[in-house]
Amino acid sequence: GHVLPAYEQYPDWSKTEVSTGTTLVACEYTDGVVLGADSRTSSGVFVANRVTDKLTPLTKYIYCCRSGSAADTQAIADVVKYQLEFHAIEMGREPTVAEAATVFRNLCYNYRDDLLAGIFVAGWDAENGGQIYSIPLGGMLIKQPAVIGGSGSTYLYGQFDTQFKPGMNKEEAVEFVSTCVGLAINRDGSSGGCIRLGIINSDGV
């Protein structure tokens, strides 16, 4: 039979796994955090869900933003949510953002060979106010004042670096996050749909 040259041997995109090809943006502001994401979940060349909610609640004050394998990130988020509810009962108080991020980090690190998950944990607690923690592929945990992730984030680094400034107010942060997600949606084929925005402060979301 006729063998195609290597550059024409396309993988069969119609059978690839469901992944949240994504744009995620999170940013601290003076009283809390602003989270933003697009709403497209793709399976190869198909859009599996055009109105996904990638901002997943863990507690009243803590959300996570999911990118990578849809199945993996949903499963981890469910486990973390359960553990945090248990933790809240045990401690008799709301979990801190750092505690939520650490539970995530433990799972992502311990199962790093089997998971495809890039997650931000963002929220507000009475101890440290608004915080954002990033847990990339290997299971590292790092606290950042603002962070971008997912496939669409590669288009955003220039915009992100020039426009981000610490200590923004709520309006500035919302503007910053929504502009970032909007720009990535325009450029990234795996990001699209609508822009989901969440604002978390001492009143919750």
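Up top is the structure these notes are about.
Residues numbered from 1 in each chain as written. Predicted model: local features only at pLDDT ≥ 70, side-chain atom pairs only at ≥ 80, totals over all residues. Heavy atoms only, no water.

**Student:** For the pairing of strand β11 (residues 146-149), give the residues involved together with the corresponding values.
**Tutor:** Covered by surrounding structure in β11 are A146 and I148 together with V147 and G149, the residues of both alternating faces. The pairing of strand β2 (residues 24-29) with β11 spans four bridges and is classified as antiparallel. Counted as the bridge partner of C27 is A146 from β11. (Buried < 20%, exposed > 50% of the residue type's maximum accessible area, 1.4 Å probe, protein only. Helix = DSSP H or I, 4+ residues; strand = E, 2+ residues; numbered from the N terminus. Pairing = 2+ DSSP bridges.)

**Student:** I'd like a description of the packing of aromatic side chains, backed by residues and values.
**Tutor:** Per the stated rule, a full pass over the model turns up four aromatic pairs. Where F160 meets F164, the ring centres are 6.0 Å apart and the plane angle is 10°; that geometry is what we call stacked. Note on F160: relative accessible area 12%, which makes it buried. With 5.8 Å between their ring centres and 45° between their planes, F160 and F176 make a pair best called tilted. (Phe/Tyr/Trp six-rings, centres within 6.5 Å; stacked < 30°, edge-to-face > 60°.)

**Student:** Outline the sheet that holds β11, listing residues and values.
**Tutor:** Strand order across the open sheet formed by four strands is β11-β2-β3-β12, with antiparallel pairing between neighbours. Each end of this open sheet is capped by a strand with a single partner; those strands are β11 and β12 (196-200). Adjacent strand axes in the sheet meet at a mean angle of 10° when their direction is disregarded. Examined bridge by bridge, strand β3 (residues 32-37) and β12 share five bridges and lie antiparallel to one another. Each bridged residue has a counterpart across the sheet, and for V33 the counterpart in β12 is I200. Across the face of the sheet, helix α4 (residues 170-187) comes into contact with β2, β3 and β12 while running at roughly 165° to β2. (Axes fitted to C-alpha atoms, helices over the stretch in contact; angles between N-to-C directions. Contact = heavy atoms within 4.5 Å.)

**Student:** Just give me the short version of helix α1 (residues 70-91), but keep the residues and values in it.
**Tutor:** With 22 residues, α1 should reach 32 Å at 1.5 Å per residue; the first-to-last C-alpha distance of 31 Å fits that figure. Against the buried residues of α1 lie β1 (18-20), β6 (55-57), β7 (62-69), α2 (97-110) and β8 (117-125). Its side-chain oxygen at 3.4 Å from the backbone nitrogen of A71, S69 defines the N-terminal cap of α1. Trailing α1 by a residue or two, G92 shows a phi angle of about 70°, which is positive. (Expected span 1.5 Å × (residues − 1). Polar contact = N/O pair within 3.5 Å; in protein donor to acceptor, adjacent residues only side chain to side chain.)

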